[in-house]
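Reading the structure
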Amino acid sequence: MARRKKVYEGKAKILYEGPEPGTFVQYFKDDATAFNAQKKDVIDGKGVLNNRLSEFFMKGLTQIGVPNHFIRRINMREQLIRSVEIIPLEVIVRNFAAGSMTERLGIAEGTALPRPIVEFCLKDDALGDPLVSEEHIIAFGWAGQQDLDDMVALALRVNDFLSGCFLAVGIKLVDFKIEVGRVWDGDFQRLIVADEISPDSCRLWDIETGEKLDKDVFRKDLGSLSDAYTEVARRLGVLPSNVTHATKPTLIN
Ligand code: UDP
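Here's a quick rundown of the structure. Quantities reported herein were computed from a predicted structural model and do not represent experimental measurements.

Structural notes on the overall build of the chain
- For the chain, the count of helices and strands is six helices and 14 strands.
- Overall, the chain is about 65 × 55 × 35 Å in size when its C-alpha atoms are taken along their principal axes.
- Counting the 253 residues in the chain, one finds 48% classified as buried.
- Residue pairs in contact within the chain that sit at least 24 positions apart in sequence constitute 56% of those at least 6 positions apart.
- For the chain, the exposed surface amounts to about 13100 Å²; the carbon and sulfur share of it is 53%.
- For the chain, the centre of its 33 positive side-chain charges and the centre of its 38 negative side-chain charges are spaced 4 Å apart.

Things to note about the state of the cysteines
- One pass over the structure, following the stated rule, counts zero disulfides.
- C121 takes part in no disulfide bond, and the closest cysteine sulfur to it belongs to C202, at a distance of 15 Å.
- Of all cysteine sulfurs, the one in C202 lies closest to C165, which takes part in no disulfide; the gap is 10 Å.

Here we look at the packing of aromatic side chains
- Counting across every chain of the model gives three aromatic pairs.
- A centroid spacing of 5.3 Å and a plane angle of 75° characterise the contact between F56 and F57, whose relative ring orientation is edge-to-face.
- Using a relative accessible area of 1% as the deciding quantity, one classes F57 as buried.
- Between F140 and W142, the ring centres sit 5.2 Å apart and the planes meet at 40°, which makes this aromatic pair tilted.
- The exposed category is assigned to F140, whose relative accessible area is 54%.
- By relative accessible area, which is 23% here, W142 ends up partly exposed.
- Linked through ring pairs, F56, F57 and F166 together constitute an aromatic cluster.
- Over the aromatic face of Y16 sits the side chain of R4, whose NZ or CZ is 3.9 Å from the ring centroid.
- Here K39 stacks its cationic end above the ring of F218, 5.1 Å away from the centre of that ring.

Regarding the site of the ligand
- If you check the shell around the ligand, you find 15 residues, and the closest are R94, S100, D175, R203 and R219.
- R94 places a side-chain nitrogen or oxygen 2.6 Å from an oxygen atom of the ligand.
- Contact with the protein chains hides 77% of the accessible area of the ligand, taken as 500 Å² for the molecule alone.
- Mapped onto the shell around the ligand, the elements with two or more residues apiece are β9 (89–96), α2 (99–105), β12 (171–185) and β14 (202–206).
- Of the residues in the shell around the ligand, the class split is four nonpolar, three polar and eight charged.

Cut-offs used in this document
- Residues numbered from 1 in each chain as written.
- Predicted model: local features only at pLDDT ≥ 70, side-chain atom pairs only at ≥ 80, totals over all residues.
- Heavy atoms only, no water.
- Helix = DSSP H or I, 4+ residues; strand = E, 2+ residues; numbered from the N terminus.
- Buried < 20%, exposed > 50% of the residue type's maximum accessible area, 1.4 Å probe, protein only.
- Contact = heavy atoms within 4.5 Å.
- Areas by Shrake-Rupley, 256 points an atom, 1.4 Å probe, with all protein chains shown as cover.
- Lys, Arg positive; Asp, Glu negative; His and termini not counted.
- Charge placed at Lys NZ, Arg CZ, Asp CG, Glu CD.
- Disulfide = S-S within 2.5 Å.
- Phe/Tyr/Trp six-rings, centres within 6.5 Å; stacked < 30°, edge-to-face > 60°.
- Lys NZ or Arg CZ within 6 Å of the ring centre and 35° of its normal.
- Near = heavy atom within 4 Å.
- Polar contact = N/O pair within 3.5 Å; in protein donor to acceptor, adjacent residues only side chain to side chain.
- Nonpolar A, V, L, I, M, F, W, Y, C, P; charged D, E, K, R; others polar.

Right, dumping it as structure tokens:
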């Protein structure tokens, strides 16, 4: 059997050439990284959960008319996606203060923001993905003004959709990151949601207890990342409710 061609390998995913032109196969690894890959581990089953969760969110976005790269899930760890030209920016939406915003601005973690705040970071590991302004983005040509307007509009629609999905299962969407890609339909280009949407790229807190159910569990050594992601998947109905752990079988007496 011919070996398929690896197009790109990132920290948590691998992209392979897809079966048709204009497609990629996106493979979700179990690798977890934080602090610009200074902290690393392998979390059994994380890739399987993120593949299913990203499928769940992208399908929902399609159903409400938000364009995205998802075509179909292939197997436990892989999905077929549309190939896009990734805009080299991370688009972050914040509903409550957390993470770098609390450090940068001295705002207490968990403070409700007066409105969702959209931020852009340059995708550049060597520079530590620095926060950049719209002025920087236009001046250095990372995206145009229309792209910026479209990215903000997309990000806010994704925010409303995700906030509602999570609220329905007792989870507060504190903040999240998306990546956006450019596609051409004939002579027309448009921007669509790309990459992944999973607890790796969101901050998720239990509404009642404040328990963290996202990658901060790994960043801050707060417990089992696998248990946290399994709980998110279970609540959303992505895993059957009787599954309590993705990898460990339960002993029956
Ligand atoms: N985020 C991400 N990838 C990054 C940086 C941030 O997915 O490279 C997500 C992060 O999980 C959080 C949101 O974007 O949900 C805001 O992150 P923040 O700027 O607070 O940075 P962090 O504290 O995570 O370094």
